[in-house]
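So the chains spell out like this:
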Amino acid sequence: MPNDSLEPFGPIFPVPIVHYSLEFADAVRHLFHHVRPDAVAIELPRSIEDVVKKGVRRLPEISVVLYQNNRGETLYLPIEPTDPLSEAIRSALETDIPVYFVDLDLDEYPSYRDYVPDTYAAHRLGIRSYYSIYAQQIPPTLKKAPPDLRREAGMATTCRDLRPNTKRFFLFAVWHILRV
């Protein structure tokens, strides 16, 4: 993937991803070794950090994290090699770089259908062009819900608190979180 995606905000390098995409997992690996961050921030809540890291250490074996929210609903999180978050965590663990799980643990979160173009296009076009195509596909009625705004504020606060300890770090998050 052409390396046109990194425009840091101070020490933060936001890296938009598409979950379970081989192209984005590959880009994360190359980007990680090119920039050499001091830390990695992941768009997952701290409450599942230990089990997610355990699943990542088991790769290439696939794991599924099962947990329940406060309403008793079972949530499923596959841990597999083609997920960019798994790759980011794996790369950090292999190089002894700290990984921070910075997302809020919300019980009620709306289900999104992201209208992302074929992820191979990001590999061929670069992330800026890919994002431009994606942004044109967002339905005008799709607005950020209050849980999105809470998550963004929570992740921003956690990332702000990481600043004194890191010179540069990656923030891996999905498109609807990074959308302007």
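Calculation notes
- Residues numbered from 1 in each chain as written.
- Predicted model: local features only at pLDDT ≥ 70, side-chain atom pairs only at ≥ 80, totals over all residues.
- Heavy atoms only, no water.
- Core = buried A, V, L, I, M, F, W, Y, C linked by side-chain atoms within 4.5 Å.
- Buried < 20%, exposed > 50% of the residue type's maximum accessible area, 1.4 Å probe, protein only.
- Helix = DSSP H or I, 4+ residues; strand = E, 2+ residues; numbered from the N terminus.
- Contact = heavy atoms within 4.5 Å.
- Patch = residues over 30% accessible without salt bridge, like charges linked within 9 Å, V, L, I, M, F, W, Y side chains within 5 Å.
- Areas by Shrake-Rupley, 256 points an atom, 1.4 Å probe, with all protein chains shown as cover.
- Salt bridge = Lys/Arg side-chain N within 4 Å of Asp/Glu carboxyl O.
- Axes fitted to C-alpha atoms, helices over the stretch in contact; angles between N-to-C directions.
- Parallel < 35°, antiparallel > 145°, perpendicular 65-115°, else oblique.
- Nonpolar A, V, L, I, M, F, W, Y, C, P; charged D, E, K, R; others polar.
- Expected span 1.5 Å × (residues − 1).
- Arc of directions from axis to C-beta.
- pLDDT = per-residue confidence, 0-100.
- Pairing = 2+ DSSP bridges.

Peer 1: For this particular structure, what's the right way to read the nonpolar core?
Peer 2: The tendency in soluble globular proteins is for nonpolar side chains to be buried as a group. Counting 29 residues, the largest nonpolar core has Phe24, Ile42, Leu44, Val52, Leu77 and Ile89 as the members making the most contacts within it. With five residues, helix H1 (residues 22-35) is the single largest residue contributor to this core. Apart from residues no more than four positions distant in its own chain, Val52 is found in contact with Leu44, Val65, Leu77, Ile79, Ile89 and Phe101. With six residues, the next largest nonpolar core counts Ile12, Val102, Met155 and Cys159 among its residues.

Peer 1: Would you explain a nonpolar patch on the surface in this entry?
Peer 2: Where nonpolar side chains cluster on the molecular surface, the patch consists of Val64, Leu66 and Tyr76 and spans about 350 Å² of accessible area. Of note, Leu66 is situated in strand S3 (residues 63-68). A residue is classified by how much of its surface remains accessible, and Leu66, at 52% relative accessible area, is exposed.

Peer 1: What am I meant to see in the packing of helix H2 (residues 49-57) against helix H3 (residues 84-94) here?
Peer 2: Between two packed helices, the angle of one axis relative to the other and the distance separating the axes together describe the packing. Look at H2 against H3: their axes get within 10 Å of each other, and the N-to-C directions meet at 80°. Taken together, the axis directions place H2 and H3 in an arrangement best described as roughly perpendicular. On the side of H2, the interface is formed by Val52, Lys53, Val56 and Arg57, while H3 contributes Ser86, Ile89, Arg90 and Leu93. For the contact of H2 with H3, a count of residues per class yields four nonpolar, one polar and three charged.

Peer 1: In this structure, what is going on with the pattern of salt bridges? I would like to understand it.
Peer 2: Here the idea is simple: oppositely charged side chains can pair when their charged atoms come close. All told, the structure shown has eight salt bridges when counted by the stated rule. The salt bridge partner of Glu87 is Arg29, with a shortest N-O separation of 3.2 Å. One end of the pair, Glu87, is in helix H3; the other, Arg29, is in helix H1, and 58 residues separate them in sequence. Note on Glu87: relative accessible area 7%, which makes it buried. For Arg29, a relative accessible area of 27% puts it in the partly exposed group. Here Glu94 makes a salt bridge to Arg90, at a shortest N to O gap of 2.4 Å.

Peer 1: Explanation requested: helix H6 (residues 146-162) in the structure shown.
Peer 2: Under the 1.5 Å per step criterion, the end-to-end length of H6 is 24 Å for 17 residues, consistent within 8% with the ideal 24 Å. Every buried residue of H6 is listed here: Pro147, Asp148, Arg151, Gly154, Met155, Cys159 and Leu162. Seen from one end, H6 has its buried residues packed into an arc of 130°, which puts them on one side. Exposed residues pointing more than 90 degrees away from the buried face of H6 are listed as Pro146, Arg150 and Arg160.

Peer 1: Is there a simple way to explain the confidence of the model for the protein in this structure?
Peer 2: On average, the protein scores 80 in pLDDT, and the residues at 70 or more come to 77%. Note that pLDDT drops below 50 for residues 175-180; the model gives that stretch 36 contacts with residues more than four away or on any other chain.

Peer 1: Is there a simple way to think about the pairing of strand S2 (residues 39-45) in this case?
Peer 2: Moving residue by residue along a regular strand, the side chains alternate between the two faces of the sheet. Counting buried residues along S2, seven of its seven residues qualify, which places the element largely inside the surrounding structure. Side chains of S2 alternate between two faces, with Ala39, Ala41, Glu43 and Pro45 and Val40, Ile42 and Leu44 buried alike. The sheet contact formed by S2 and strand S5 (residues 99-103) spans four bridges and is parallel. Directly across from Ala41, in S5, lies its bridge partner Tyr100.

Peer 1: Just to check I follow, could you spell out the environment of Glu73 for this structure?
Peer 2: Position of Glu73 among the secondary structure elements: in the loop between S3 and strand S4 (74-79). Classification of Glu73 by relative accessible area gives partly exposed; the value is 36%. Separated by 34 residues in sequence, Glu73 and Asp107 have C-alpha atoms that sit 9.1 Å apart. Among residues more than four places away in sequence, those in contact with Glu73 are Tyr67 and Gln68.

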